[in-house]
Amino acid sequence: MAPVTPTLRPLSCWKSLLRQSRLQKSATRSLTTYYKPKPIDAPKTVKRRIKVLPPPPSVRAVWKEPIQEVTKSQIAMLDPTGVRTNLFSKTNLEAARVGDILLVRLKNGDPFAGVCINIRRRGVDSGILLRNELTRVGVEMWFKIYSPNVEGIEVVQRKAKRARRARLTYMRKPKHDMGSVQNIVLAYQRSRGALRGSTTGATGELKGGKRKVKVKGKGKKN
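Since the model is a prediction, treat every value here as computed from it, not as a measurement.

Caption draft 1: Representation of the overall build of the protein. Broken down by element type, the protein carries 5 helices and 5 strands. Helices and strands appear in the protein in the N-to-C order α-α-α-α-β-β-β-β-β-α. The burial tally for the protein puts 22% of its 222 residues in the buried class. Carbon and sulfur atoms make up 57% of the accessible area of the protein, which totals about 19,600 Å².

This is the structure in structure tokens:
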């Protein structure tokens, strides 16, 4: 038998197929990139300039620290004289410190005195913590410095030595508890009343601002 030889397709056939595919691609490109000329009598387009406005003034440039500015305005409204701010300022050498005995007078309620064991500086929410002993029971009360209900804050007695801690919470223990400060407050009020009496006695005036006038012979019958 004669050997079977495989039939091979000539290369010319493949070349013709590739040529046809290239022609089809070029035809599709020409259709997609078809150029349509503009009419001759078309109106000319006029370019208009858009008015660009300047940016609005930045709030950050005017108010660099808005929270601090709001806090300052509130403190200026609640404390116009600046006495309470100066009383608890860190830069003031005669400011009230931890360990001093303070007397807080309220508009609605009885005054409260005690040892200052904590000072919290938080802007408008600044407050002091006073500790006293009432009926042999330790009592602690927080007072807002800028509260409208607080009429005034007075320093009754200053501590002899400066405290080494910012919070004297150890005074809650019986070993370090100062106890009642009522006697110290009463002595302070008496000394202050004596000073007021001496000043009024020197001027010779009453609370109303009028002097005593003695009338001789008033009410006598002839």
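Caption draft 2: Region of the structure containing unusual backbone geometry. In the Ramachandran plot, Thr-135 falls in the positive-phi region, its phi being about 50° despite a non-glycine side chain. Mapped onto the secondary structure, Thr-135 falls in the loop between strand E3 (127-134) and strand E4 (137-144). Unusually for a residue other than glycine, Arg-136 sits at a positive phi of about 65°. Mapped onto the secondary structure, Arg-136 falls in the loop between E3 and E4.

Caption draft 3: Main features of the pattern of salt bridges. Counted under the stated rule, the structure contains 6 salt bridges. Between Arg-105 and Glu-154 there is a salt bridge, and its shortest N-O distance comes to 3.0 Å. Here Arg-105, found in strand E1 (residues 101-106), pairs with Glu-154, found in strand E5 (residues 150-157); they are 49 residues apart in sequence, far enough to count as distant. Its relative accessible area of 29% is what places Arg-105 among the partly exposed residues. According to the relative accessible area criterion, Glu-154 is buried, its value standing at 15%. One salt-bridge network, held together by shared partners, links Arg-131, Glu-140, Arg-172 and Asp-177.

Caption draft 4: Structural view of the pairing of E3. A large share of E3 lies buried, amounting to 6 of its 8 residues. Bridge count for strand E2 (residues 112-120) against E3 is 5 bridges, and the pairing is antiparallel. Considered in E3, the bridge of Ile-119 is made with Ile-128. Hairpin remark: E3 followed by E4, antiparallel, with 2 residues in the connecting loop; positive phi at Thr-135, about 50°.

Caption draft 5: The sheet that holds E4, seen in detail. One open sheet accounts for 5 strands, arranged E4-E3-E2-E1-E5; its pairing is antiparallel. Looking along the sheet, the strands with just one partner apiece sit at the ends: E4 and E5. Going from strand to strand, the sheet's axes swing by 40° on average, the running direction of each strand aside. Judged from the 6 bridges that link them, E1 and E5 form a sheet pairing that is antiparallel. Each residue of the ladder has a partner; that of Arg-105, found in E5, is Gly-152.

Analysis parameters
Residues numbered from 1 in each chain as written. Predicted model: local features only at pLDDT ≥ 70, side-chain atom pairs only at ≥ 80, totals over all residues. Heavy atoms only, no water. Helix = DSSP H or I, 4+ residues; strand = E, 2+ residues; numbered from the N terminus. Buried < 20%, exposed > 50% of the residue type's maximum accessible area, 1.4 Å probe, protein only. Areas by Shrake-Rupley, 256 points an atom, 1.4 Å probe, with all protein chains shown as cover. Salt bridge = Lys/Arg side-chain N within 4 Å of Asp/Glu carboxyl O. Pairing = 2+ DSSP bridges. Axes fitted to C-alpha atoms, helices over the stretch in contact; angles between N-to-C directions.

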